[in-house]
Amino acid sequence: MRVKISLFSVVSAVVLSMVAVATLYPFIYMISVSLSSSVYVLRNEVSFYPRGINLDMYRMVLKDPRIWQSYINTIIYTGLGTLISLIITSMGAYALAKKEMVFRKAFTLIIVFTMFFGGGMIPTFLVVKNLGLIDTVWGMVLPGAVSTWNLLVMRTFFSAMPVELEESGRLDGLTDFGIFMRIIVPLSKAVFATIGLFYAVAMWNNFYLPLLYLRDANLFPLQVVLRNMIMAGTEASNAGGENFIVDESLKYAVIMVATVPILIVYPFLQKYFSKGVMIGAVKG
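Calculation rules
- Residues numbered from 1 in each chain as written.
- Predicted model: local features only at pLDDT ≥ 70, side-chain atom pairs only at ≥ 80, totals over all residues.
- Heavy atoms only, no water.
- Salt bridge = Lys/Arg side-chain N within 4 Å of Asp/Glu carboxyl O.
- Helix = DSSP H or I, 4+ residues; strand = E, 2+ residues; numbered from the N terminus.
- Buried < 20%, exposed > 50% of the residue type's maximum accessible area, 1.4 Å probe, protein only.
- Phe/Tyr/Trp six-rings, centres within 6.5 Å; stacked < 30°, edge-to-face > 60°.
- Axes fitted to C-alpha atoms, helices over the stretch in contact; angles between N-to-C directions.
- Parallel < 35°, antiparallel > 145°, perpendicular 65-115°, else oblique.
- Contact = heavy atoms within 4.5 Å.
- Nonpolar A, V, L, I, M, F, W, Y, C, P; charged D, E, K, R; others polar.
- 1 Å grid on protein atoms, 1.4 Å probe; cavity = no way out; pocket = protein on both sides within 12 Å on 5 of 7 lines; lining within 4 Å.
- Points joined across faces, edges and corners; volume = space filled by probe spheres on them.
- Patch = residues over 30% accessible without salt bridge, like charges linked within 9 Å, V, L, I, M, F, W, Y side chains within 5 Å.
- Areas by Shrake-Rupley, 256 points an atom, 1.4 Å probe, with all protein chains shown as cover.
- Core = buried A, V, L, I, M, F, W, Y, C linked by side-chain atoms within 4.5 Å.
- pLDDT = per-residue confidence, 0-100.

## Some words on the pattern of salt bridges
Then, number 1: Scanning all chains against the criterion turns up two salt bridges.
Then, number 2: Its salt-bridge partner being Glu166, residue Lys98 comes within 2.3 Å of it at the nearest N-O pair. One end of the pair, Lys98, is in the loop between α4 (65-97) and α5 (104-116); the other, Glu166, is in helix α9 (residues 163-171), and 68 residues separate them in sequence. An identical accessibility class is assigned to Lys98 and Glu166; each is buried.

## What about the environment of Ile53?
Then, number 1: Note that Ile53 resides in the loop between α2 (38-42) and α3 (56-63).
Then, number 2: Judged by relative accessible area, Ile53 falls into the exposed class, the value being 58%.
Then, number 3: Put simply, Ile53 and Val33 are 20 residues apart on the chain and 9.6 Å apart in space, counted from C-alpha to C-alpha.

## As for the packing of aromatic side chains
Then, number 1: With the rule as written, the count across this model stands at ten aromatic pairs.
Then, number 2: Centre to centre, the rings of Phe158 and Phe180 are 6.2 Å apart; their planes meet at 85°, and the pair counts as edge-to-face. Here Phe158 is found in helix α8 (residues 148-159), whereas its partner Phe180 is found in helix α10 (residues 176-184), with 22 residues between them in sequence. Judged on exposure class, the residue Phe158 and its partner Phe180 are both buried.
Then, number 3: Among the aromatic residues, those joined into a ring-pair cluster are Tyr94, Phe157, Phe158 and Phe180.

## So, the packing of α8 against helix α11 (residues 189-204)
The description of two helices packed together rests on the angle between their axes and the distance between the axes.
Then, number 1: Look at α8 against α11: their axes get within 11 Å of each other, and the N-to-C directions meet at 180°. Considering the angle they form, α8 stands roughly antiparallel to α11. Facing Asn150, Val153, Met154, Phe157 and Phe158 of α8, the residues of α11 in contact are Val191, Phe192, Ile195, Phe198 and Tyr199.
Then, number 2: Tallied by class, residues from the contact of α8 with α11 come to nine nonpolar, one polar and no charged.

## A look at empty space enclosed by the protein
Then, number 1: Enumeration according to the criterion identifies one cavity of 30 Å³ or more in this entry.
Then, number 2: Space inside the largest cavity adds up to approximately 60 Å³.
Then, number 3: Together, Thr74, Tyr77, Thr78, Met140, Met203, Asn206, Pro210 and Pro221 line the largest cavity.
Then, number 4: Among the residues making up the lining of the largest cavity, the classes are represented as five nonpolar, three polar and no charged.

## What to know about a nonpolar patch on the surface
Then, number 1: On the surface, a nonpolar cluster with roughly 770 Å² of combined accessible area is contributed by Ile5, Leu7, Val10, Val11, Val14, Val15, Met18 and Val19.
Then, number 2: Relative to the assigned elements, Val19 resides in helix α1 (residues 7-35).

## Considerations on unusual backbone geometry
Then, number 1: Here Phe103, not a glycine, exhibits a phi torsion of approximately 60°, which is positive.
Then, number 2: Residue Phe103 is classed as exposed on the basis of its relative accessible area, which comes to 60%.
Then, number 3: Its identity is not glycine, yet Asp135 carries a phi of approximately 60°, on the positive side.
Then, number 4: With respect to the element layout, Asp135 can be found in the loop between α6 (121-130) and α7 (138-141).
Then, number 5: Residue class for Asp135 comes out partly exposed when judged on its relative accessible area of 29%.

## Details of the nonpolar core
Then, number 1: If you look at the biggest cluster of nonpolar residues, it comprises 39 residues, and the most contacted ones within it are Val61, Ile67 and Met140.
Then, number 2: Secondary structure elements with two or more residues in this core: α1, α3, α4, α7, α11, α12 (208-213), α13 (222-236) and α14 (242-282).
Then, number 3: The greatest single-element share of this core, amounting to nine residues, is contributed by α14.
Then, number 4: Counting residues in each nonpolar core, the second largest holds 19 residues, with Leu86, Val153, Met154 and Ile179 among its members.

## Considering the confidence of the model for the protein
Then, number 1: On average, residues of the protein carry a pLDDT of 81, and 87% of them reach 70 or more.
Then, number 2: Across the protein, element-level confidence peaks in α7 with a mean pLDDT of 91 and bottoms out in α14 with 66.
Then, number 3: Note on residues 280-284: pLDDT is under 50 here. Beyond four places in sequence and across chains, it has six contacts.

This is the structure we're talking about:
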């Protein structure tokens with residue numbers, strides 16, 4: 001049986017392969033440099049694979065107490081922030097998905113308005129400061145708790161739920177909250193996993209909020225410590241030479257240590273990812 005391959009399939013395969021290579025190469029290069037001996041890095045002989053395996057950079061990173069403290073902080077911020085964001089976003093989205101909700105269109109327009117216009121950094125900072133959230137965990141998880149885009153995707157997902165499910169719940173005596181918790185949430189694992197991944201990645205990679213709202217170094221998340229280490233290394237390596245190479249390898253090692261954990265989470269949620277996004281995006 002002969003398989004007919006179209007020109008479109010060939011071009012698509014080539015383009016996607018180029019995109020994959022362009023996406024993966026920075027990670028491969030950083031891993032290679034961080035694991036290579038300084039001699040090969042100095043000679044610029046490192047590309048797709050490490051030369052002269054050297055784990056000193058990773059030992060330096062993992063022995064730094066700032067890294068472990070920031071890891072704990074980041075896990076707390078990411079876990080707590082994702083949980084709060086999912087609770088608020090899902091409840092708001094479910095309410096907006098109900099056509100019988102009073103002022104539903106008005107609330108939707110107000111929410112959509114925030115996608116294009118915001119109060120700005122200074123007014124937001126003053127609000128957070130007046131609420132006493134500076135130098136607290138809540139200052140990390142509450143100001144960015146809701147993403148308008150994620151809320152709209154969830155609303156669309158809930159809108160596609162069959163009305164008969166809710167009617168059967170009401171016949172069993174469930175309230176709106178009971179229907180949401182016992183019927184809607186169990187049937188919405190795909191969108192919860194997808195939106196949860198969006199929130200978790202954003203929280204894990206966030207350094208903007210910590211720079212604004214944190215003053216205590218013991219509360220810094222991983223990304224801020226990473227930024228400080230890279231800036232310190234850059235300033236210390238202005239003279240060039242071997243120190244520069246070590247600093248480059250150290251920076252890449254720190255970046256990999258900070259990036260790998262969140263990358264590991266994705267394969268476990270990938271099966272929900274496409275379904276959650278497509279269902280939330282096809283119907284408006």
